[in-house]
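Coordinate analysis (summary)
If you want the building blocks of each chain, they are given just below.
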Amino acid sequence: MAAERSGRPASGTVGLAGTGTGDAAAAGLPASATAADGSAVVRVLSYNIRSMRDDQAALARVIRACAPDLVLVQEAPRFFRWRKAAERLARAGGLVHVTGGATTAGPMVLAHLRAHVERTEDVLLPRTPGLHQRGLATAVVRFGAARLGVVSCHLSLDPRERYDQAGLLLERVAGLGVPHAVVGGDLNDRPDGRSFRRVAAVLRDGWAAEPWGGEFTSTPHVPRQRIDAVFATDGVEFLGCGVPHGLPGVRAEDLRAASDHLPVLSALRVPVGGTT
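Figured I'd write up the structure that's included with this text.

Basis of the calculations
Residues numbered from 1 in each chain as written. Predicted model: local features only at pLDDT ≥ 70, side-chain atom pairs only at ≥ 80, totals over all residues. Heavy atoms only, no water. Core = buried A, V, L, I, M, F, W, Y, C linked by side-chain atoms within 4.5 Å. Buried < 20%, exposed > 50% of the residue type's maximum accessible area, 1.4 Å probe, protein only. Helix = DSSP H or I, 4+ residues; strand = E, 2+ residues; numbered from the N terminus. Contact = heavy atoms within 4.5 Å. Pairing = 2+ DSSP bridges. Axes fitted to C-alpha atoms, helices over the stretch in contact; angles between N-to-C directions. Phe/Tyr/Trp six-rings, centres within 6.5 Å; stacked < 30°, edge-to-face > 60°. Lys NZ or Arg CZ within 6 Å of the ring centre and 35° of its normal. Polar contact = N/O pair within 3.5 Å; in protein donor to acceptor, adjacent residues only side chain to side chain. Parallel < 35°, antiparallel > 145°, perpendicular 65-115°, else oblique. Nonpolar A, V, L, I, M, F, W, Y, C, P; charged D, E, K, R; others polar.

1. What about the nonpolar core?
Tyr47, Leu59, Ile63, Leu89 and Leu110 are the most contacted members of the largest nonpolar core, which totals 32 residues. Broken down by element, this core gets its largest block of residues, six residues, from helix α1 (residues 56-66). The residues touching Leu59, leaving out its near neighbours within four places in the chain, are Tyr47, Ile49, Met52, Leu89 and Ala258. Counting residues in hydrophobic clusters, the runner-up holds 25 residues, among them Ala40, Ala146, Val150 and Val230.

In structure tokens:
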């Protein structure tokens, strides 16, 4: 495979720093690339950024060091001049704003210029009175001849609403009209929880499929639980997925300062595919 872009940090070897490190950590994470047959290696970062209320410079450094093709954001800026804040974050990370933010009550998608955006849709989920509005940021993008549905989600703190939202998330993925899709989000649920298990019964959990880096995402100072994850449909191959502890350019102090969640970075091999 030949890399399609230059000037981005190459993938490196990840050490065993952090809690819950996967066996594949020392193998490194593949860089973005496009194969002669049109399939693509795509790097996807899922990150709850707490409305950029923490160290924004540290946040930008983490994102840039991960060299993502797609960033699936949760808790994006939603209030006064939120678009300017989203665009500022995108520029700092060498990316562009694709969709979401206030229009989805938090989830957002950013992308590298390598991605050709075919369409987007912002979705607001049914709201339970007294609870926060939730939504989904969705898109269909293309890398060479590989088409990929994309969803960023942030599920409810309420167990019953969260379980219902997990079902709506799966319906939205199925309705994207493409055979291959990736979902990144803050599920507010652990892998043994009902909502997490509902999603993982249909989509492949990246950490379970190909663990790399660190497992636990909350909280950055003392990570003890995995409530953030990247999932993909069958046919998408995980080449590695986990918290990027020790990735060149990703400093432990930046991970602690950037947000109250740790990010999840994954590399996916997406085959050539058209509409379903």
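2. Describing the pairing of strand β7 (residues 135-143)
For β7, the tally of buried residues reaches eight of nine residues, placing the bulk of the element in the interior. For strand β6 (residues 116-124) and β7, the ladder comprises eight bridges, and the chain directions are antiparallel. By the bridge assignment for β7, Leu124 is matched with Gly135. Sheet topology note: the β7/strand β8 (residues 146-154) ladder contains eight bridges and is antiparallel. Residue Val140 lies in a different strand from β8, and its bridge partner there is Gly149. Connecting β7 to the next strand, β8, in antiparallel fashion are two residues, including Gly144 with a positive phi near 65°.

3. A look at the sheet that holds β8
Read across the open sheet, the six strands follow the order β6-β7-β8-β9-β11-β10; overall the sheet is mixed. Taken across any chain shown, the strands that pair with only one partner, and hence form the sheet edges, are β6 and β10 (204-205). Direction of pairing for β8 relative to strand β9 (residues 181-186): parallel, over a ladder of six bridges. Counterpart to Gly149 in the pairing with β9 is Ala181. Contacting β6, β7, β8 and β9, helix α3 (residues 159-174) runs over the sheet at an angle of about 165° to β8.

4. Looking at the packing of aromatic side chains
The final tally for this structure, using the stated rule, is one aromatic pair. Arg198 extends its terminal NZ or CZ atom over the ring of Tyr163, reaching a point 4.3 Å from the ring centre.

5. Focus on the side chain of Arg162
Checked against the element boundaries, Arg162 lands in helix α3. Of the polar contacts made by the side chain of Arg162, one reaches the backbone oxygen of Asn188; its length is 3.2 Å. Contacts of Arg162, omitting those with residues within four sequence positions, involve Leu155, Ser156, Leu157, Leu187, Asn188, Asp189 and Ser195.

6. Things to note about the packing of α1 against helix α2 (residues 82-92)
Following both chains from N to C, one finds α1 and α2 inclined at 50°, their axes separated by 9 Å at the closest point. As the angle between them shows, α1 and α2 are arranged oblique. Judged by residue contacts, Gln56, Leu59, Ala60, Ile63 and Arg64 of α1 engage Arg88, Leu89, Arg91 and Ala92 from α2. The residue inventory of the contact of α1 with α2, partitioned by class, reads five nonpolar, one polar and three charged.

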